[in-house]
Amino acid sequence: MPTTTTTTTTEATPLAIVATGLRKAYGDKKVLDGIDLTVPQGTIFSLLGPNGAGKTTAVKILSTLITADAGDIRVGGHDIAADPQAVRAAIGVTGQFSAVDGLITGEENMLLMAELHHLSRSEGRRTAAELLERFDLVEAAKKPASTYSGGMKRRLDIAMTLVGGPRIIFLDEPTTGLDPRSRHNMWGIIRELVSDGVTVFLTTQYLEEADELADRIAVLNDGKIAAEGTAEELKRLIPGGHIRLRFADPAAYRHAASALREGTTRDDEALSVQIPSDGTQRELRSILDWLDTANVEADELTVHTPDLDDVFFALTGETTVPHQPAEALR
Ligand SMILES: Nc1ncnc2c1ncn2[C@@H]1O[C@H](COP(=O)(O)OP(=O)(O)OP(=O)(O)O)[C@@H](O)[C@H]1O
Ligand SMILES: [Mg+2]
């Protein structure tokens, strides 16, 4: 099926996942308190949130493993409550915790999945061989999966998920515990899937991963979607871009702090000032020029642009936001 890069209209891009008013509570703990999610076909959607925010709960609901208390959900065009069987046929799920059976070999795990998907013996063998090759597991295929490294197990896990050729894949923290090289390989695999038109719903603890991969990101906090958008849109939501000047000489610091423009914040203890800035060359030059003209010497100059970590901290209240509210100086 041809994919389109348009994300502006729902008509041009069919929706792989639509959930409205999704609710789930355990006892009196509201885990999902009425959330809406929309994922266009052939895109990567990433759900972020602190531990216990409800990411795995959302994945389990959308993949029919548990039922929601309320909400309308369509996955792959099928109503999840009316036709969970059709949803199951359209999706693949790689859970946060491995589904690999350690007692049997990687190849046997794959063949077992093929059987579960009712593939014929020859088709099962062909699919298993193809995927083992693609996930660089050919050498390990005949060894018990219990002897695999964490990264190999993760790769086998995802290979198993792909056996039935699902068009929508749920990946719950697919790269947790992987080394940087394996993580980059996994990103490559995910991108490849999407270029084939597959839709990926991904949860992750690595903001860099969401930044790198996701077309859209939602931040889950306190049962609600705290913000949703592209990585760029989320970064624009919060202030934080600034240039920081640090001084060794208290007199130079005082001079700079009293003369710099509105919006500058000062830290009297660290002898540093933060000037709100987009970090462009022009802005940097104007600050350097000003320092030269005023004959003030900064000992350190750093440029800080907001990243998804800033967004995450600001939205989830996990820790204090690293930027103080602007305290304008005259
Ligand atoms: N079967 C269950 N019974 C009771 N409470 C549960 C159950 N499953 C999850 N919870 C609770 O629901 C909340 C959300 O859990 P969930 O596993 O969805 O979080 P998460 O965002 O995936 O966290 P993590 O980043 O640690 O994987 C937690 O407070 C958890 O304790
Ligand atoms: Mg989880």
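Calculation criteria
Residues numbered from 1 in each chain as written. Chains lettered and ligands numbered in written order. Predicted model: local features only at pLDDT ≥ 70, side-chain atom pairs only at ≥ 80, totals over all residues. Heavy atoms only, no water. Helix = DSSP H or I, 4+ residues; strand = E, 2+ residues; numbered from the N terminus. Buried < 20%, exposed > 50% of the residue type's maximum accessible area, 1.4 Å probe, protein only. Polar contact = N/O pair within 3.5 Å; in protein donor to acceptor, adjacent residues only side chain to side chain. Pairing = 2+ DSSP bridges. Arc of directions from axis to C-beta. Contact = heavy atoms within 4.5 Å. 1 Å grid on protein atoms, 1.4 Å probe; cavity = no way out; pocket = protein on both sides within 12 Å on 5 of 7 lines; lining within 4 Å. Points joined across faces, edges and corners; volume = space filled by probe spheres on them. Nonpolar A, V, L, I, M, F, W, Y, C, P; charged D, E, K, R; others polar. Axes fitted to C-alpha atoms, helices over the stretch in contact; angles between N-to-C directions. Parallel < 35°, antiparallel > 145°, perpendicular 65-115°, else oblique. Left-handed = near helix turned anticlockwise from the far one by under 90°. Near = heavy atom within 4 Å. Areas by Shrake-Rupley, 256 points an atom, 1.4 Å probe, with all protein chains shown as cover. pLDDT = per-residue confidence, 0-100. Domains from an automatic or database assignment.

Topologically, Thr127 is positioned in helix H4 (residues 121–134). Note on Thr127: relative accessible area 14%, which makes it buried. At a separation of 2.8 Å, a polar atom in the side chain of Thr127 contacts the main-chain carbonyl oxygen of Glu123.

Strand S3 (residues 44–48) sits mainly inside the fold: five of its five residues count as buried. Here S3 shows a buried face lined by Ile44, Ser46 and Leu48 and a second buried face lined by Phe45 and Leu47. Bridge analysis of S3 against strand S8 (residues 199–203) gives four bridges, and the strand direction is parallel. The residue bridging Leu47 from the neighbouring strand is Thr203, located in S8. By the bridge criterion, four bridges tie S3 to strand S9 (residues 216–221) in an arrangement that is parallel.

Looking only at helix H9 (residues 250–259), the buried set comprises Ala252, Tyr253, Ala256 and Ala257. One face of H9 carries all of its buried residues, which in axial projection span an arc of 125°. Of the surrounding secondary structure, the elements contacted by the buried residues of H9 are strand S12 (265–267), strand S13 (272–276) and helix H10 (281–294). Its side-chain oxygen placed 3.0 Å from the backbone nitrogen of Ala251, Asp249 serves as the N-cap of H9.

Once that is clear, we can look at the layout of surface pockets. The computed volume of the largest pocket comes to approximately 560 Å³. Only helix H2 (84–90), strand S6 (91–94), helix H3 (106–116) and helix H5 (150–161) provide two or more residues apiece to the lining of the largest pocket. With four residues, the top contributor of residues to the lining of the largest pocket is S6. Grouping the amino acids of the lining of the largest pocket by side-chain chemistry returns nine nonpolar, ten polar and two charged.

Once that is clear, we can look at the packing of H3 against H5. Close contact between H3 and H5 brings their axes to 9 Å; oriented N to C, the two are set at 25°. Taken together, the axis directions place H3 and H5 in an arrangement best described as roughly parallel. You can see that H3 and H5 cross each other, and the crossing is right-handed. When H3 is examined against H5, the residues Gly106, Asn109, Met110 and Met113 are found in contact with a partner set consisting of Leu156, Ala159 and Met160. Its residues assigned to classes, the contact of H3 with H5 comprises five nonpolar, two polar and no charged.

A separate point is the site of ligand 1. Lining the immediate environment of ligand 1, one finds 14 residues, of which Gly52, Lys55, Thr56, Thr57 and Gln205 sit closest. Asn51 has a polar side-chain atom sitting 3.0 Å from an oxygen atom of ligand 1. One of the side-chain nitrogen or oxygen atoms of Thr56 is found 2.8 Å away from an oxygen atom of ligand 1. Summarising the interface, the protein chains cover 63% of the accessible area of ligand 1, which totals 630 Å² for the free molecule. Looking at the shell around ligand 1, the elements with two or more residues in it are strand S2 (29–40) and helix H1 (55–62).

The next thing to look at is the confidence of the model for the protein. This prediction gives the protein a mean pLDDT of 87; 92% of its residues lie at or above 70. Here residues 1–7 scores under 50 on pLDDT; set against residues more than four positions off or in separate chains, the count is six contacts. Scored below 50 in pLDDT, residues 318–330 shows 31 contacts in the model against residues more than four places distant or in partner chains.

Partitioning the protein into domains gives domain 1 (15–100 + 148–235) and domain 2 (242–304). A C-alpha centroid distance of 43 Å is found between domain 1 and domain 2.

One can find Thr161 in helix H5. Thr161 gets classed as buried once you look at its relative accessible area, which sits at 7%. For Thr161, the residues in contact, after removing those within four places along its chain, are Gly92, Val93, Thr94, Pro166 and Ile169.

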